Amino acid sequence: MLRQGLLFLSESSAARRLITGTPLTRGLSRRFVAGETVDELVDAVRAANAEGLTATANYLGESVKSEEAARAAADRYVEVLERIRRDGLDANVSLKFTQMGQNISDTFLRANLGRVLEQAQAGGIFVRFDMESSDYTDRTLSAFRTLWSEGVRDIGVVLQSYLRRTQADVERMVDLGARVRLCKGAYAEPERLAYQDREEVRASFVRAMEVLLSRGHYPGIATHDDAMIRATLEYANREGIGADRFEFQMLHGVRRDLQQQLVAQGWRVRVYIPFGEAWYPYLMRRLAERPANVVFLAGSVLKESPLGSLFGNHGRDGR
Ligand code: FDA
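Residues numbered from 1 in each chain as written. Predicted model: local features only at pLDDT ≥ 70, side-chain atom pairs only at ≥ 80, totals over all residues. Heavy atoms only, no water.

Considering the pattern of salt bridges
Where charged atoms from two side chains of opposite charge approach closely, those side chains can pair. The following threshold applies: We count a salt bridge whenever a side-chain nitrogen from Lys or Arg sits within 4 Å of a carboxyl oxygen from Asp or Glu. Only DSSP runs of H or I with at least four residues qualify as helices, and only runs of E with at least two residues qualify as strands; both kinds are numbered from the N terminus onward. Only protein chains enter the accessibility calculation, which uses a 1.4 Å probe. A residue is then buried if its area is under 20% of the maximum for its type, exposed if over 50%, and partly exposed in between.
Scanning the entire structure with this criterion turns up 23 salt bridges. Note that Arg46 is salt-bridged to Asp87, the shortest N-O span being 3.3 Å. In this pair, Arg46 sits in helix 4 (residues 38-50) while Asp87 sits in the loop between helix 5 (67-86) and strand 2 (91-95), placing the two residues 41 residues apart along the sequence. In this structure, Arg270 engages Glu247 in a salt bridge whose closest nitrogen and oxygen atoms are separated by 2.7 Å. Residue Arg270 is located in strand 8 (residues 269-275), and its partner Glu247 is located in strand 7 (residues 247-251); the two are separated by 23 residues in the primary sequence. Of the residues examined, Arg270 reaches a relative accessible area of 10% and is grouped as buried. Residue classification places Glu247 among the buried residues on the basis of a relative accessible area of 2%. If you follow the salt bridges from partner to partner, you end up with Asp39, Arg46, Arg83, Arg86 and Asp87 in one network.

Brief notes about unusual backbone geometry
Even without being glycine, Ser63 reaches a positive phi, approximately 50°. Residue position: Ser63 is located in the loop between strand 1 (54-59) and helix 5. With phi around 45°, Tyr218 is a residue other than glycine that occupies positive phi space. With respect to the element layout, Tyr218 can be found in the loop between helix 9 (198-215) and strand 6 (220-222).

Details of the sheet that holds strand 2
Note the cut-off: A pair of strands is treated as paired once DSSP finds two or more bridges between them. Here, axes are lines fitted to C-alpha atoms. For helices the fit covers the stretch in contact, and angles between N-to-C directions go from 0 to 180 degrees.
Read around the barrel, eight strands follow the order 1-2-3-4-5-6-7-8 and close on themselves; strand pairing throughout is parallel. Averaged over all pairs of adjacent strands, the angle between strand axes in this sheet comes to 30°, irrespective of strand direction. Both strand 3 (residues 127-129) and strand 4 (residues 155-160) contribute to a ladder of two bridges, which runs parallel. For Val127, the partnering residue across the bridge sits in strand 4 and is Ile155.

Describing the nonpolar core
Rules: Within this scheme, the nonpolar core is defined by two criteria: the residues are buried Ala, Val, Leu, Ile, Met, Phe, Trp, Tyr or Cys, and they are joined through side-chain atoms within 4.5 Å. A contact between two residues is defined here by any heavy atoms of the two lying within 4.5 Å.
Judged by nonpolar contacts, the single largest core of 74 residues is most densely connected at Met100, Phe129, Ile155, Phe248, Leu262 and Ile273. Not counting chain neighbours up to four residues away, the residues in contact with Ile155 comprise Leu117, Phe126, Val127, Phe129, Phe144, Leu147, Trp148 and Arg179. Core analysis: the next-biggest nonpolar cluster, separate from the first, contains 19 residues, Val33, Tyr272, Tyr280 and Leu283 among them.

Quick word on helix 9
Since the α-helix advances by 3.6 residues per turn, residues separated by three or four positions end up pointing in the same direction. Here is the rule we go by: One less than the residue count of a helix, multiplied by 1.5 Å, gives the span that helix is expected to have. Whenever a nitrogen or oxygen atom comes within 3.5 Å of another N or O atom, the pair is scored as a polar contact, on the condition that within protein one atom can donate a hydrogen and the other can accept it, and that pairs from neighbouring residues in sequence are kept only if both atoms are in side chains.
Over its 18 residues, helix 9 extends 26 Å from the first C-alpha to the last, a length consistent with the 26 Å expected when each residue adds 1.5 Å. Along helix 9, the residues that are buried comprise Val201, Arg202, Ser204, Phe205, Ala208, Met209, Val211, Leu212 and Leu213. Buried-residue contacts for helix 9 involve helix 8 (166-176), strand 5 (179-183), strand 6 and helix 10 (226-239). Between the side-chain oxygen at the start of helix 9 and the backbone nitrogen of Glu199 there is a gap of 3.2 Å, and the oxygen is on Asp197.

Remarks on the side chain of Gln160
Here Gln160 is to be found in strand 4. Of the residues examined, Gln160 reaches a relative accessible area of 2% and is grouped as buried. Within polar-contact distance, the side chain of Gln160 engages the backbone oxygen of Glu132 at 3.2 Å. Not counting chain neighbours up to four residues away, the residues in contact with Gln160 comprise Met131, Glu132, Thr166, Cys183, Lys184, Gly185 and Tyr187.

Looking at the environment of Ala278
By the secondary structure assignment, Ala278 is in the loop between strand 8 and helix 12 (280-289). As for Ala278 and Gly61, which are separated by 217 residues in sequence, their C-alpha atoms are 5.6 Å apart. Filtering out sequence-adjacent residues up to four positions away, Ala278 remains in contact with Leu60 and Gly61.

Observations regarding the pairing of strand 1
This is how it is decided: Convention used here: a crossover is right-handed provided that the path from the first strand, over the helix, to the second strand proceeds clockwise when the strands point away from the viewer.
Of all six residues making up strand 1, six are buried, and the element is well covered by its neighbours. As paired elements, strand 1 and strand 8 share six bridges and run parallel to each other. Bridge pairing in strand 8 links Tyr59 to Phe275. Note on the crossover from strand 1 through helix 5 to strand 2: the handedness is right-handed.

Concerning the confidence of the model for the chain
Threshold: The predictor reports its confidence for every residue as pLDDT, a score running from 0 up to 100.
When pLDDT is averaged along the chain, the result is 89, and 90% of the positions lie at 70 or above. Overall, residues 303-319 carries pLDDT values under 50, and its contacts beyond four positions in sequence, including any with other chains, amount to 13 contacts.

Considerations on the site of the ligand
Applied cut-off: To be near a molecule or strand, a residue needs just one of its heavy atoms within 4 Å of it. The accessible surface values rely on the Shrake-Rupley method and a 1.4 Å probe; as for residues, cover is taken only from the protein chains in view. Classification used: nonpolar for Ala, Val, Leu, Ile, Met, Phe, Trp, Tyr, Cys and Pro, charged for Asp, Glu, Lys and Arg, polar for all others including Gly.
Of all residues adjacent to the ligand, which total 27 residues, the nearest are Met131, Gly185, Thr223, His224 and Glu289. A distance of 2.9 Å separates an oxygen atom of the ligand from a polar side-chain atom of Lys184. At 2.6 Å, a backbone N or O of Gly185 approaches an oxygen atom of the ligand. Protein contacts shield 88% of the accessible area of the ligand, which totals 930 Å² for the unbound molecule. For the shell around the ligand, the elements supplying multiple residues, two or more each, are helix 3 (23-32), strand 4, strand 5, strand 7 and helix 12. Broken down by element, the shell around the ligand gets its largest block of residues, three residues, from strand 7. By residue class, the composition of the shell around the ligand is 11 nonpolar, six polar and 10 charged.

Quick look at the structure:
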């Protein structure tokens with residue numbers, strides 16, 4: 001219920017104005033986001049690399065409606081790719097088709113994305129296309145297949161285990177030869193399309209993980225769920241699948257203990273590191289995953305809003 005509410009708020013512009021306006025929430029976003037600039041991103045990637053983690057850099061932004069904004073996002077990715085190459089960082093990038101202009105037109109998307117892909121290929125850097133809500137699943141996979149059929153390689157997709165269709169998509173992507181990141185899925189989806197029960201989502205994750213580990217192409221197993229990590233390790237050990245055949249992926253700011261533990265045991269771990277100004281929907285999805293964070297968020301919004309005075313907030317300096 002709370003999860004659905006937070007995911008609803010992630011798309012509300014009134015809630016965005018209220019929540020992004022409070023310094024404390026901006027502080028909370030810092031737990032999950034490296035900062036707003038490319039330099040801050042680079043610092044976070046370096047810190048991850050120094051701890052034995054690889055990284056995937058994400059410039060925050062989605063559902064972009066103007067050509068200007070989509071071009072600016074592509075420019076930022078070109079800059080990030082150049083920094084990864086020049087600074088010798090162990091990182092690739094993750095981006096969203098709707099950030100590159102998928103809602104403007106296919107022709108615009110292709111041209112805008114083309115600049116990013118050219119830069120990535122010049123530096124030998126892999127590009128992952130994040131998966132958005134189910135409104136975009138078909139369009140995302142079809143745009144991916146078009147690129148693949150044009151001979152573009154070093155690109156990969158994301159599949160979400162909460163979607164009922166995912167086992168079939170896993171088989172299709174394995175047959176194509178594409179790299180898949182497997183995650184549970186972060187959006188509010190109807191029962192018709194997605195499992196709602198936590199154990200069903202987990203069972204679907206395990207089924208997809210086994211196919212990807214056995215027959216896939218260097219899959220990314222993206223989860224912080226101890227049960228999913230245990231299932232992956234057990235399957236890999238049982239089937240003799242070595243640490244070089246797949247990687248775990250986790251989010252910046254989430255379960256650092258687990259990230260370190262897996263690295264210490266010799267497994268590969270990539271951290272997804274977002275940066276940029278458009279952190280609101282990303283933060284709300286992270287809160288929806290762990291409602292305990294909401295208590296802190298609610299407290300900070302209340303203190304900073306006019307309502308706060310009704311509840312004993314007499315100004316930030318405590319008067
Ligand atoms: P689960 O939500 O059960 O969490 C397991 C445990 O991890 C929790 O008990 C808690 O300890 C910790 N945890 C998880 N989330 C936390 C949080 N936000 N704050 C604090 N602790 C937290 N989704 C999508 O739809 N499209 C995509 O492209 C991607 N991409 C992606 C990349 C990477 C690298 C990761 C790790 C995840 C994604 N996701 C995603 C998000 C994914 O779908 C899912 O919402 C989250 O990973 C949470 O699911 P878990 O499997 O971690 O399990």
